[in-house]
Amino acid sequence: MGKLDGRVAFITGAARGQGRSHAVRLAQEGADVIAVDICSQLESVRYPMGTTDELEQTAEEVRATGRRIVARRADVRDVTALRAAFDEGVAELGPVDIVLANAGIGAGGSAVTEEQEWDDVVGVNLTGVWNTGRVAIPAMVERGRGGSIVLTSSTGGLIGVGIPTAGFLGYTAAKHGVVGLMRSWANYLAPHNIRVNSVAPTAVRTPMAADGDLQAIMERSPQLAQALSNAMPVDLVEPLDVSNAIAWLVSDDARYVTGTVVPVDAGQLNKR
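Residues numbered from 1 in each chain as written. Predicted model: local features only at pLDDT ≥ 70, side-chain atom pairs only at ≥ 80, totals over all residues. Heavy atoms only, no water.

Scanning the chain from terminus to terminus reveals 8 helices and 7 strands. The C-alpha radius of gyration of the chain comes to 17 Å, within 12% of the 19 Å expected for a compact globule of 272 residues. Split into buried and exposed, the 272 residues of the chain put 55% on the buried side. Counting contacts in the chain only where the partners sit at least 6 residues apart, residues at least 24 apart contribute 77% of the total. Seen as two clouds, the 24 positive and the 31 negative side-chain charges of the chain have centres 6 Å apart. (Helix = DSSP H or I, 4+ residues; strand = E, 2+ residues; numbered from the N terminus. Rg over C-alpha atoms; globule rule 2.2 N^0.38 Å. Buried < 20%, exposed > 50% of the residue type's maximum accessible area, 1.4 Å probe, protein only. Contact = heavy atoms within 4.5 Å. Lys, Arg positive; Asp, Glu negative; His and termini not counted. Charge placed at Lys NZ, Arg CZ, Asp CG, Glu CD.)

As structure tokens, this is what we get:
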């Protein structure tokens, strides 16, 4: 018997990395999953983004736990497409109890204008989070059964990284904005017994962080590598470390935890 038996989770950015890890971890606790991902490449993103094959791999891993999943392609910047994916998932799996607004990009370095670099990273990392909430929240409120929402921010959403490029400035601004959204929604939704929190990871071993290749990060931006320096003797945390924190936050074990940021940062913030 899992802590999330009978619940349905709506997860964005689920093709791989943290999103896949969250989907599998919540499925292990008994949740069914509606998983979405853009499954295409943005021109402003240097590293390869998730694919339809990777989203299907997520689906296979969730099914291997014995849980159900509806996996759909959707760009979180497109609220109409996101709502369609949400509605299809609900029609098959039932009402959503858990929302993980996880989709995010680390833009920068490609041959695009500053305006496009800024627009893409803010569009995915902030507008996409807002879209995820406005797609899912009305149905959760109407149902009247409570629930839990976790927005993925970053240590960069709590500090100033200090790299004055459009991509990094947009990323930092967006992740700060995610914390503001979380706090506002937490106050609005508390009377409905819907809890809203945020996680703030340090660098996580995913393609966004060059899959843990610190040499690649150093070559790309020594300033960034310095900003990502942790207090504990680890260079990066694993996706599962973030998933474990989220599994606790969305469970009844954290039933009175709302409006807070949970750092999964190996002590990085405490160093400052």
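Now, onward.
Another aspect to go through is helix 1 (residues 17-28). The first and last C-alpha atoms of helix 1 sit 17 Å apart over 12 residues, in line with the 16 Å expected at 1.5 Å per residue. Of all 12 residues making up helix 1, 10 are buried, and the element is well covered by its neighbours. Among the residues of helix 1, Gln18, Gly19, Arg20, Ser21, His22, Ala23, Val24, Arg25, Leu26 and Ala27 are the ones counted as buried. (Expected span 1.5 Å × (residues − 1).)

Once that is clear, we can look at the pattern of salt bridges. Pairing between side chains becomes possible if they bear opposite charge and their charged atoms approach one another. The tally for this structure, following the rule as stated, stands at 13 salt bridges. Here arginine 7 makes a salt bridge to aspartate 252, at a shortest N to O gap of 3.0 Å. You can see arginine 7 sitting in the segment before strand 1 (8-12) and its partner aspartate 252 sitting in the loop between helix 8 (239-249) and strand 7 (261-264), a full 245 residues away along the chain. Overall, arginine 7 belongs to the buried group, its relative accessible area being 18%. Salt-bridge contacts for arginine 205 lead to glutamate 238; the nearest nitrogen and oxygen are separated by 2.8 Å. On the criterion of sequence distance, the pair formed by arginine 205 in the loop between strand 6 (194-201) and helix 6 (214-220) and glutamate 238 in the loop between helix 7 (222-227) and helix 8 is long-range, its members being 33 residues apart. Residue class for glutamate 238 comes out partly exposed when judged on its relative accessible area of 32%. Salt bridges sharing partners connect three or more residues here, namely Asp32, Arg67 and Arg68. (Salt bridge = Lys/Arg side-chain N within 4 Å of Asp/Glu carboxyl O.)

Relative orientation of the contacting elements helix 3 (residues 79-93) and helix 4 (residues 114-143) amounts to 40°, with a least axis distance of 9 Å. When the axes of helix 3 and helix 4 are compared, the pair comes out oblique. The way helix 3 lies across helix 4 gives a crossing that is right-handed. Along its contact with helix 3, which presents Val79, Leu82, Arg83 and Phe86, the element helix 4 presents Asn131, Thr132, Arg134, Val135, Ala136 and Ala139. When the residues that make up the contact of helix 3 with helix 4 are grouped by side-chain class, the tally is 6 nonpolar, 2 polar and 2 charged. (Axes fitted to C-alpha atoms, helices over the stretch in contact; angles between N-to-C directions. Parallel < 35°, antiparallel > 145°, perpendicular 65-115°, else oblique. Left-handed = near helix turned anticlockwise from the far one by under 90°. Nonpolar A, V, L, I, M, F, W, Y, C, P; charged D, E, K, R; others polar.)

Attention now moves to the packing of aromatic side chains. Summed over the entire model, instances satisfying the criterion amount to 1 aromatic pair. Judged by centre distance (5.0 Å) and plane angle (75°), the rings of phenylalanine 10 and phenylalanine 86 are edge-to-face. One end of the pair, phenylalanine 10, is in strand 1; the other, phenylalanine 86, is in helix 3, with 76 residues separating them in the sequence. On the basis of relative accessible area, phenylalanine 86 is assigned to the buried category, the value being 4%. (Phe/Tyr/Trp six-rings, centres within 6.5 Å; stacked < 30°, edge-to-face > 60°.)

Another point: unusual backbone geometry. One non-glycine residue with positive phi stands out, namely asparagine 193, at about 60°. With respect to the helices and strands, asparagine 193 occurs in the loop between helix 5 (166-189) and strand 6. Looking at asparagine 193, the relative accessible area reads 60%, which means it is exposed. Look at alanine 266: it is not a glycine, yet its phi comes out positive at around 50°. Its place among the elements puts alanine 266 in the segment after strand 7.

Along the chain, asparagine 102 turns up in the loop between strand 4 (98-101) and helix 4. Note on asparagine 102: relative accessible area 8%, which makes it buried. Side-chain polar atoms of asparagine 102 contact the backbone oxygen of glycine 13, separated by 3.1 Å. (Polar contact = N/O pair within 3.5 Å; in protein donor to acceptor, adjacent residues only side chain to side chain.)

Our next topic: the nonpolar core. In globular proteins that are soluble, nonpolar side chains generally tend to be buried together. Counting 45 residues, the largest nonpolar core has Phe10, Ile105, Ile149, Leu151 and Trp185 as the members making the most contacts within it. Only strand 1, strand 2 (32-37), helix 3, strand 4, helix 4, strand 5 (147-152), helix 5 and strand 6 provide two or more residues apiece to this core. Ranked by size, the runner-up nonpolar core spans 32 residues in total, among them Ala9, Ala27, Val262 and Val264. (Core = buried A, V, L, I, M, F, W, Y, C linked by side-chain atoms within 4.5 Å.)

What follows deals with helix 2 (residues 52-64). Taking 1.5 Å as the rise per residue, helix 2 with 13 residues should run 18 Å; its terminal C-alpha atoms sit 18 Å apart, in good agreement. Within the sequence span of helix 2, burial applies to Leu55, Thr58, Ala59 and Val62. Down the axis of helix 2, the smallest arc covering the buried residues is 100°, so these residues share one side. Away from its buried face, by an angle of more than 90 degrees, helix 2 presents the exposed residues Asp53 and Ala64. At the C-terminal side of helix 2, glycine 66 shows a positive phi close to 95°. (Arc of directions from axis to C-beta.)

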